[in-house]
Amino acid sequence: EAGVAQSPRYKIIEKRQSVAFWCNPISGHATLYWYQQILGQGPKLLIQFQNNGVVDDSQLPKDRFSAERLKGVDSTLKIQPAKLEDSAVYLCASSSVGTQYFGPGTRLTVL
Amino acid sequence: AQKVTQAQTEISVVEKEDVTLDCVYETRDTTYYLFWYKQPPSGELVFLIRRNSFDEQNEISGRYSWNFQKSTSSFNFTITASQVVDSAVYFCALILNAGGTSYGKLTFGQGTILTVHP
């Protein structure tokens, strides 16, 4: 069974630029999560989708971050404009009955 | 609100030593799940184990074992006869079960960096 796929794996941008990340969850998993992991910390939830509806986006900085999950499968996370403090690893996870399986992450560096 | 505390920031051992990673959690809910994940240098979070709040049986899987004690709100992880490949960051995490198949977010601890020297 294929795992969670994410792309790109690495991205370097300058502040105020835009960036987008893509996630393809495990087939059949209804729930999809985006987490932000800053160096030296545990992952922090940004947004949770159930099928194509948002369940929790309370910690998503909505002035610059947006996410969508069209057709309840793939998802994209966008940052516009990026700030220096957005440098982090962005992890996508999916689950079907509570256990979350993570993708390899996208390491974002904002210069 | 939930909280997970991993008091050990870094642990360093020599190969073949046993090592225990501590995890203490806080929640007012009675139905929850506890997890351990491994994050090797490659960066991907690898699922190791899941335990529900009603099952306090300890579990062993090869060199790994887990001790869940609700009385002390702890879910500790022991690696027996550690190996260099065990070097990674280990995260303890908690999730609430809102009922049926509805789950909340994972609340992670800060992680413990384990280094196993040859």
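Residues numbered from 1 in each chain as written. Chains lettered and ligands numbered in written order. Predicted model: local features only at pLDDT ≥ 70, side-chain atom pairs only at ≥ 80, totals over all residues. Heavy atoms only, no water.

**Student:** Help me out: how do you make sense of the environment of Gln39(B) in this one?
**Tutor:** In this fold, Gln39(B) is placed in strand S5 (residues 32–39). Accessibility expressed as a relative area gives 11% for Gln39(B), which makes it buried. Ignoring anything within four residues of it in the chain, the contact list for Gln39(B) reads Gln37(A), Glu44(B), Leu45(B), Ala88(B), Val89(B) and Phe91(B). (Helix = DSSP H or I, 4+ residues; strand = E, 2+ residues; numbered from the N terminus. Buried < 20%, exposed > 50% of the residue type's maximum accessible area, 1.4 Å probe, protein only. Contact = heavy atoms within 4.5 Å.)

**Student:** Where do I start with the packing of aromatic side chains in this structure?
**Tutor:** For any pair of aromatic rings, geometry is given as the distance between the ring centres together with the angle between the planes. A complete count under the given rule lists 21 aromatic pairs over all chains for this structure. Ring centres 5.9 Å apart and planes at 85 degrees place the aromatic pair Tyr64(B) and Trp66(B) in the edge-to-face group. Note on accessibility: Tyr64(B) and Trp66(B) belong to one class, buried. Three or more aromatic residues link up through ring pairs in this structure, and these residues are Tyr33(A), Tyr35(A), Tyr101(A), Phe102(A), Phe35(B), Tyr37(B), Phe47(B), Phe91(B) and Phe108(B). Over the face of the ring belonging to Tyr33(B) we find Arg50(B), whose NZ or CZ atom lies 4.1 Å from the ring centre. (Phe/Tyr/Trp six-rings, centres within 6.5 Å; stacked < 30°, edge-to-face > 60°. Lys NZ or Arg CZ within 6 Å of the ring centre and 35° of its normal.)

**Student:** Hey, could you run me through the interface of chain B and chain A in this one?
**Tutor:** Interface size is commonly expressed as the accessible surface area that is lost when the partners come together. Between chain B and chain A, the contact holds 18 residues from the first and 21 residues from the second. Counting each side, the surface lost to burial between chain B and chain A is near 1600 Å², with a carbon and sulfur contribution of 50%. The interface formed by chain B and chain A holds zero salt bridges in total. Between chain B and chain A we count four residue pairs in polar contact (both at pLDDT 80 or more) in total. Element by element, the count of residues in the side of chain B that touches chain A is highest for S5(B), at three residues. Within the side of chain B that touches chain A, the residues separate by chemical class into nine nonpolar, six polar and three charged. (Buried area = accessible area lost by both parts, 1.4 Å probe. Salt bridge = Lys/Arg side-chain N within 4 Å of Asp/Glu carboxyl O. Polar contact = N/O pair within 3.5 Å; in protein donor to acceptor, adjacent residues only side chain to side chain. Nonpolar A, V, L, I, M, F, W, Y, C, P; charged D, E, K, R; others polar.)

**Student:** It is not clear to me how the sheet that holds strand S8 (residues 75–79) of chain A should be interpreted in this structure. Could you clarify?
**Tutor:** Think of a sheet as strands paired side by side through backbone hydrogen bonds, with each pair either parallel or antiparallel. All names here are of chain A. Spatially, the four strands line up as an open sheet ordered S1-S3-S8-S7, and their pairing is antiparallel. This sheet does not close on itself; its edge strands, each paired only once, are strand S1 (5–7) and strand S7 (65–68). Neighbour-to-neighbour, the strand axes of the sheet open up by a mean angle of 15 degrees, direction not taken into account. The pairing of strand S3 (residues 19–24) with S8 spans five bridges and is antiparallel. In the strand pairing of S8, Ala 20 is matched with Lys 78. (Pairing = 2+ DSSP bridges. Axes fitted to C-alpha atoms, helices over the stretch in contact; angles between N-to-C directions.)

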